[in-house]
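# What the coordinates show
Okay, here's what each chain looks like letter by letter:
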Amino acid sequence: MANKLLLHICCGPCSMYPLAQLIPQFEAENITGLYHNPNIHPIEEFVRRKENAQLACDHYGIALVTTEDFLQDKWAKYGPEENKLRCRMCYDLRLEYAAKYAKENGYDAFTTTLLVSLWQDHDYIIQKCQQLAQKYGITFHYEDFRLGYRQGQQMAKDIGLYRQRFCGCMWSAPDELREKLLANYNGKV
Ligand code: SF4
């Protein structure tokens, strides 16, 4: 068992169940959260999710590292029908950062809260993490956190975390917000 773990955290609610599973195995002081999610648009949403990731980590006594990387251009260049390509780019970018950061900062293993989602491409995420583990010479800690998805959402509700209603990027936002984000991006407003 690796003893120092970096957990890529996509948002506070998605971290609740994985952390409850990981802490008995690694102990809280050996786990660090990493909030690196340039895919969250607009900036207010990016900040709100980061703050709630912090609240979740505070709840468990876990350290959290955050990055300020907020990128919209990378997502805007995909068309609305290019979901698969866009989501893979989105996973790749975040997971690559996590694996590299873990290796460069002395962690034994890394994993991600993306594995708790019932809507993400679970198999692709596993495959990508395995590739990155090989590339960087670090362990990928896999667990099927989907088993506790609903439990985790309830845990988030119980401690008052903000629970967003869209995945993150402009293409996944509710209609009205998406139109506004696209119009802004195209310089029309
Ligand atoms: S839908 Fe979600 S996973 Fe796909 S590109 Fe947008 S934020 Fe990333």
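For the structure, see preceding data.
Computed from a predicted structure; not experimentally measured.

Empty space among the atoms becomes apparent when a probe as large as a water molecule is rolled across them. In this structure, the largest pocket encloses a volume near 670 Å³. As for the largest pocket, its lining consists of 32 residues, and the residues nearest its centre are Ser117, Trp119, Gln120, Phe166 and Cys167. Mapped onto the lining of the largest pocket, the elements with two or more residues apiece are helix H1 (12-26), helix H4 (83-104) and helix H6 (149-158). A class-by-class count of the residues in the lining of the largest pocket yields 16 nonpolar, eight polar and eight charged.

Further remarks concern the site of the ligand. Lining the immediate surroundings of the ligand are Asn39, Trp75, Arg86, Cys87, Cys90, Tyr91, Gln120, Cys167, Gly168, Cys169 and Ser172. Comparing atom positions with the cavity grids shows the ligand to sit within the largest pocket. With four residues, H4 is the single largest residue contributor to the shell around the ligand. For the shell around the ligand, the per-class residue count stands at six nonpolar, four polar and one charged.

A word on the state of the cysteines. On inspection of all chains with the given rule, the structure shows zero disulfides. Cysteine Cys10 is unpaired, with the sulfur of Cys14 as its nearest cysteine sulfur at 3.9 Å. Take Cys10: its relative accessible area is 10%, and that puts it in the buried class. The closest cysteine sulfur to the non-disulfide-bonded Cys129 is located on Cys10, 12 Å from its own sulfur. Residue classification places Cys129 among the buried positions, given a relative accessible area of 0%.

For the structure shown, the criterion picks out eight salt bridges. Among the salt bridges present, the one from Arg88 reaches Asp121, with a minimum N-O distance of 3.6 Å. With Arg88 in helix H4 and Asp121 in the loop between strand E4 (109-112) and helix H5 (122-136), the pair connects residues that are 33 residues apart, well separated along the chain. Of the residues examined, Asp121 reaches a relative accessible area of 29% and is grouped as partly exposed.

Take the packing of aromatic side chains next. This structure, assessed with the given rule, holds eight aromatic pairs. Between Phe110 and Phe140, the ring centres sit 5.7 Å apart and the planes meet at 40°, which makes this aromatic pair tilted. Here Phe140 lies in strand E5 (residues 139-140) and Phe110 lies in strand E4, a separation of 30 residues in the sequence. For Phe110, a relative accessible area of 0% corresponds to the buried category. Among the residues examined, Phe140 registers a relative accessible area of 12% and is labelled buried. Put simply, the rings of Tyr35, Phe46 and Phe70 pair up and form one aromatic cluster. Against the face of Tyr107 rests Lys4, its NZ or CZ located 4.4 Å from the ring centre. Positioned above the aromatic ring of Tyr162 is the side chain of Arg48, whose terminal nitrogen or guanidinium carbon lies 3.6 Å from the ring centre.

Conventions we followed
- Residues numbered from 1 in each chain as written.
- Predicted model: local features only at pLDDT ≥ 70, side-chain atom pairs only at ≥ 80, totals over all residues.
- Heavy atoms only, no water.
- 1 Å grid on protein atoms, 1.4 Å probe; cavity = no way out; pocket = protein on both sides within 12 Å on 5 of 7 lines; lining within 4 Å.
- Points joined across faces, edges and corners; volume = space filled by probe spheres on them.
- Helix = DSSP H or I, 4+ residues; strand = E, 2+ residues; numbered from the N terminus.
- Nonpolar A, V, L, I, M, F, W, Y, C, P; charged D, E, K, R; others polar.
- Near = heavy atom within 4 Å.
- Sits in = over half its atoms within 2 Å of the grid points.
- Disulfide = S-S within 2.5 Å.
- Buried < 20%, exposed > 50% of the residue type's maximum accessible area, 1.4 Å probe, protein only.
- Salt bridge = Lys/Arg side-chain N within 4 Å of Asp/Glu carboxyl O.
- Phe/Tyr/Trp six-rings, centres within 6.5 Å; stacked < 30°, edge-to-face > 60°.
- Lys NZ or Arg CZ within 6 Å of the ring centre and 35° of its normal.

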